[in-house]
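Here is what each chain is made of, one letter per residue.
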Amino acid sequence: MIRRPPRSTLFPYTTLFRSILMLTARTETPDRVAGLDAGADDYLPKPFDLDELLARLRALLRRARPEDEAAVGEPLQVADLRLDPTQRRVWRGQREVELSKTEFELLELLVRNQGIVLEHSTIYDRIWGYDFGPDSKNLAVYISYLRRKLEGPGDSKIIHTVRGVGYSVRAT
């Protein structure tokens, strides 16, 4: 198993950069057009020279910008939950909630993708850098920690489970 470092040790907002370079054996013009129309930023047919590949990657990195630079440091909000990524602080209503590093990163990932069901494997990859496997309860344990800290008596449910798929944050 190859393990990459968790995203926070690379660059805190690497998930906001998206550049796609298609490497393919399809060389016809309609194939190139289809690839670019499908969302690729560049298209390089095989065989290719390694120097050209590296030059194209450097060009993509030069052009890469966060999808929403202004939103990177701005507080995020779902219902009465407020998360400040710059200060790494969380509030539920008027109450500040103390979270561990992993709890904060998990909550930030869910809040940045509010309304979207994130699969278990996606969450494992983004937070821990690898999937612990189908028998792991690691993610469920951290979700329960977050629920205990965020969803007290009288508070609305904010973290939702989609059985067999993953988790989502949304206002109820």
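Residues numbered from 1 in each chain as written. Predicted model: local features only at pLDDT ≥ 70, side-chain atom pairs only at ≥ 80, totals over all residues. Heavy atoms only, no water.

Asker: Got a minute to help me understand the overall build of the protein chain in this structure?
Answerer: Check the secondary structure of the protein chain and you find 7 helices and 9 strands. Residues counted as buried form 34% of the 172 residues belonging to the protein chain. For the protein chain, the share of sequence-separated contacts (at least 6 apart) that also reach a separation of at least 24 residues comes to 46%. Element-wise, carbon and sulfur atoms account for 52% of the exposed surface of the protein chain, whose accessible area totals about 10600 Å². (Helix = DSSP H or I, 4+ residues; strand = E, 2+ residues; numbered from the N terminus. Buried < 20%, exposed > 50% of the residue type's maximum accessible area, 1.4 Å probe, protein only. Contact = heavy atoms within 4.5 Å. Areas by Shrake-Rupley, 256 points an atom, 1.4 Å probe, with all protein chains shown as cover.)

Asker: Got a minute to help me understand the pattern of salt bridges in this structure?
Answerer: When charged atoms on two side chains of opposite charge get close, those side chains can pair. Enumeration over the complete set of coordinates arrives at 9 salt bridges. Linking E108 and R112 is a salt bridge whose minimum nitrogen-to-oxygen distance equals 3.1 Å. You can see E108 and its partner R112 sitting in helix α5 (residues 101-112), 4 residues apart, about one turn around the helix. The class for E108 is buried, based on a relative accessible area of 4%. (Salt bridge = Lys/Arg side-chain N within 4 Å of Asp/Glu carboxyl O.)

Asker: Please explain the packing of aromatic side chains as it appears in this structure.
Answerer: What describes a pair of aromatic rings is the distance from one ring centre to the other and the angle between the planes of the rings. A complete count under the given rule lists 3 aromatic pairs for this structure. Seen in terms of ring centroids, Y124 and W128 are 5.5 Å apart; in terms of plane orientation they differ by 45°. Their pairing is tilted. Of this pair, Y124 and W128 are both found in helix α6 (residues 120-128), 4 residues apart, which corresponds to roughly one turn of the helix. For the residue pair Y124 and W128, the accessibility class agrees, reading buried in each case. Between Y142 and Y145, the aromatic rings sit 5.4 Å apart at their centres with planes inclined by 75°, giving edge-to-face as the arrangement. Of this pair, Y142 and Y145 both sit in helix α7 (residues 138-150), 3 residues apart, which is roughly one turn of the helix. Feature note: the residues Y124, W128, Y142 and Y145 constitute an aromatic cluster, connected by ring pairs. Positioned above the aromatic ring of W91 is the side chain of R82, whose terminal nitrogen or guanidinium carbon lies 4.1 Å from the ring centre. (Phe/Tyr/Trp six-rings, centres within 6.5 Å; stacked < 30°, edge-to-face > 60°. Lys NZ or Arg CZ within 6 Å of the ring centre and 35° of its normal.)

Asker: Got a minute to help me understand the pairing of strand β9 (residues 166-169) in this structure?
Answerer: Two faces, one strand: in a regular strand the side chains alternate between the faces of the sheet. Going residue by residue along β9, you find G166 and S168 tucked away on one face and Y167 and V169 tucked away on the opposite face as well. One ladder, built from 2 bridges, connects strand β7 (residues 118-119) with β9; its direction is antiparallel. Residue pairing in the sheet places L118 in a bridge with Y167 of β9. Direction of pairing for strand β8 (residues 159-162) relative to β9: antiparallel, over a ladder of 4 bridges. Bridge pairing links V162 to G166 in β9. (Pairing = 2+ DSSP bridges.)

Asker: Mind showing me how you'd approach the sheet that holds strand β3 (residues 76-78) here?
Answerer: With respect to topology, 4 strands assemble into an open sheet ordered β3-β4-β5-β6, the strand pairing being antiparallel. For this open sheet the edge positions go to β3 and β6 (95-97), each flanked by a neighbour on one side alone. With strand direction ignored, the average angle separating the axes of adjacent strands in the sheet is 25°. Of the strands in this sheet, β4 (81-84), β5 (89-92) and β6 are in contact with α7, which crosses β6 at around 160°. (Axes fitted to C-alpha atoms, helices over the stretch in contact; angles between N-to-C directions.)

Asker: For this particular structure, what's the right way to read the packing of α5 against α6?
Answerer: What describes two packed helices is the angle between their axes and the distance between those same axes. One can describe the packing of α5 onto α6 by two numbers: an axis separation of 10 Å at closest approach and a directional angle of 130°. Relative to α6, the element α5 is oriented oblique. You can see that α5 and α6 cross each other, and the crossing is right-handed. Each of T102, E105, L106, L109 and L110 in α5 lies in contact with α6, whose residues at this interface are I123, R126, I127 and W128. Taken together, the residues of the contact of α5 with α6 sort by class into 6 nonpolar, 1 polar and 2 charged. (Parallel < 35°, antiparallel > 145°, perpendicular 65-115°, else oblique. Left-handed = near helix turned anticlockwise from the far one by under 90°. Nonpolar A, V, L, I, M, F, W, Y, C, P; charged D, E, K, R; others polar.)

Everything listed here is a matter of geometry and, on its own, says nothing about what the molecule does.
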